[in-house]
Amino acid sequence: MRNSIRTYFVYDLGLFETKGSPMPRRLHVFILTALTALVSLALFFAALVNGWFGPYSRAGHQFCETMRPGLIKQPANTWSNLGFVAAGLSMAWSLARGTFARNRNALTQSSFNATFFSCLVVLLGPGSMALHASGTELGGFIDVLSMYLVASFLAAYSAQRLFRFGTPIFALAFFAGLAFCIWADKKSGWRILHFGGGNIAFAFFLTLTTVFEAVNIFALKIHQTPAWGFAALGAILLAFFIWNMSRSGCPWCVPDSLIQGHAAWHLLDALSVYCLFRYYVSEQSAAARQANI
């Protein structure tokens, strides 16, 4: 009992030890992530079959692919989102096995952070599928909500490592960021080019994450493997370029094709998130690196 309480406070509340062996394998991280995948996909299909997403409104038509009859309106843009599910499960499996346990950081040492991040990445899949399969307004909101979940996590996670606060403050920062994104999404007057308030808030939290990460690297001397960071950035920039070239009315838009630029956007985004995960789990503090020399 005493060891269980100690493990909770040391690893799950962010009070990480600097000595001793890494945490043992944590199979529950993968089990909870796999359950999240199964339940969210089951709910997605149930909602689709039973019409819970509401009336069809052509939501998502701006992403080029023809809206087809039947349950799945945009098959390429829908099924490509399984890349997020695969990325989240892969992350959870490696964390559960303790693959990166030698690197003592907030993801490898905290079951909460490991499970939470893996589950959020998994949820990106069914979240985006809700829009592209149903073509409904509710599906569109669920799509952007899944984006806001990940953006809020990244900003809160970067802040947690910068300011060294535990899980309760991390949760408060996460939900505050999520609430701000949802509020901004409803502000119809906020618009830059074709990006609405929700997209602006999403970009803001990604920028904030980048700033916090820069401070972590240069001020706190936290070390990560740079190649994974550059890979994550390269994948998202390539995805953004393809997405903009493939929107309806743009040069690369071929509506009736099953090869869709927006589907490539989904797959490259999933790759980017996985590379970002590898960047995070490679993290070591200056003290930890010195101890390993």
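See above for the structure.
What comes next concerns the included structure. Counting restarts for each chain: residues are numbered from 1 in the order of the written sequence. Per-residue local features are limited, in this predicted model, to residues with pLDDT of at least 70; the limit for side-chain atom pairs, both in listing and counting, is 80 or more; totals at the level of whole chains, interfaces and linings are taken over all residues. The basis for the side-chain values is all heavy atoms of the structure; hydrogens and waters are excluded.

Turning to helix H9 (residues 226-245), a few remarks are in order. Here a strand is any run of E in DSSP of at least two residues, a helix any run of H or I of at least four, and the numbering for each starts at the N terminus. Expected helix span is given by 1.5 Å per residue-to-residue step, counting one fewer step than there are residues. Across its 20 residues, H9 extends 29 Å between first and last C-alpha, which sits within 8% of the 28 Å expected from 1.5 Å per residue. Whether a residue is buried, partly exposed or exposed follows from its accessible area with a 1.4 Å probe, protein chains only, as a fraction of its type maximum: under 20%, in between, or over 50%, in that order. Considered for burial, the residues of H9 that qualify are Ala232, Ala235, Ala239, Ile242 and Trp243. Here the buried residues of H9 occupy an arc of 105 degrees about the axis, which is enough to place them on one side. Pointing more than 90 degrees away from the buried face of H9 are the exposed residues Ala227, Phe230 and Leu237. Throughout, the arc means the angular range of directions from the helix axis out to the C-beta atoms.

Salt bridge, as used here: a side-chain nitrogen of Lys or Arg that lies within 4 Å of a carboxyl oxygen of Asp or Glu. One pass over the structure, following the stated rule, counts three salt bridges. Of the charged contacts, one joins glutamate 213 and arginine 161 as a salt bridge, the two residues approaching to 2.6 Å between their closest N and O atoms. Of this pair, glutamate 213 sits in helix H8 (residues 197-218) while arginine 161 sits in helix H6 (residues 137-163), placing them 52 residues apart in sequence. On the basis of relative accessible area, glutamate 213 is assigned to the buried category, the value being 8%. We classify arginine 161 as buried; its relative accessible area is 2%. A salt bridge links arginine 161 to glutamate 283; the shortest N-O distance between them is 2.8 Å. Within this pair, whereas arginine 161 is found in helix H6, its partner glutamate 283 is found in the loop between helix H10 (261-281) and helix H11 (286-292), the two being separated by 122 residues in sequence. Both residues of the pair, arginine 161 and glutamate 283, count as buried. Here the salt bridges share partners, and the residues they tie into one network are Arg161, Glu213 and Glu283.

It is worth spelling out the packing of aromatic side chains at this point. Only Phe, Tyr and Trp rings take part, Trp by its six-membered ring, and two of them pair if their centres are within 6.5 Å. Stacked means planes under 30 degrees apart, edge-to-face means over 60, and tilted covers everything else. What the rule picks out here adds up to 27 aromatic pairs. Measuring from ring centre to ring centre gives 5.1 Å for phenylalanine 30 and tryptophan 93, while their planes differ by 75 degrees; the resulting arrangement is edge-to-face. Placement of phenylalanine 30 in helix H2 (residues 27-50) and of tryptophan 93 in helix H4 (residues 82-97) is noted, with a sequence separation of 63 residues between them. Here phenylalanine 44 and phenylalanine 45 contribute two aromatic rings whose centre-to-centre distance is 4.9 Å and whose plane-to-plane angle is 65 degrees, an arrangement assigned as edge-to-face. Phenylalanine 45 sits in the partly exposed class, given a relative accessible area of 37%. Pairwise contacts between aromatic rings join Phe112, Phe116, Phe117, Phe153, Tyr157, Phe170, Phe174, Phe175, Tyr279 and Tyr280 into one cluster. Charges are assigned to positions over rings by a cutoff of 6 Å between ring centre and Lys NZ or Arg CZ, combined with an angular limit of 35 degrees from the ring normal. Lying over the aromatic face of tyrosine 56, lysine 73 brings its terminal NZ or CZ to 5.1 Å of the ring centre.

Glancing now at the packing of H6 against H8. Where helices are involved, their axes are fitted lines through C-alpha atoms of the stretch in contact, as for all axes, and angles between N-to-C directions lie from 0 to 180°. Relative to each other, H6 and H8 sit at 25 degrees, their axes nearing to 9 Å. By the angle between their axes, H6 is roughly parallel relative to H8. Read as a crossing pair, H6 and H8 show a hand that is left-handed. The residues of H8 that touch H6, namely those facing Met147, Tyr148, Ala151, Leu154, Ala155, Ser158, Ala159, Arg161, Leu162 and Phe163, are Gly198, Asn199, Phe202, Phe205, Leu206, Leu208, Thr209, Phe212, Glu213, Val215 and Asn216. Throughout this entry, Asp, Glu, Lys and Arg are counted as charged residues, while Ala, Val, Leu, Ile, Met, Phe, Trp, Tyr, Cys and Pro are counted as nonpolar. The remaining residues, Gly among them, count as polar. Residue composition of the contact of H6 with H8, by class: 14 nonpolar, five polar and two charged. An angle below 35 degrees is read as roughly parallel, one above 145 as roughly antiparallel, one from 65 to 115 as roughly perpendicular, and any other as oblique. By definition, any crossing whose near helix is turned counterclockwise from its far helix by less than a right angle is left-handed, and any crossing with a clockwise turn is right-handed. Residue contacts are counted whenever heavy atoms from the two residues lie within 4.5 Å of one another.

Here we come to helix H5 (residues 111-134). The terminal C-alpha atoms of H5, which comprises 24 residues, lie 35 Å apart, in line with the 34 Å expected from a rise of 1.5 Å per residue. Burial within H5 is extensive, with 21 of its 24 residues counted as buried. Directly beyond the C-terminal end of H5, a positive phi value near 65 degrees is found at glycine 135.

Shape descriptors only; they carry no functional weight alone.
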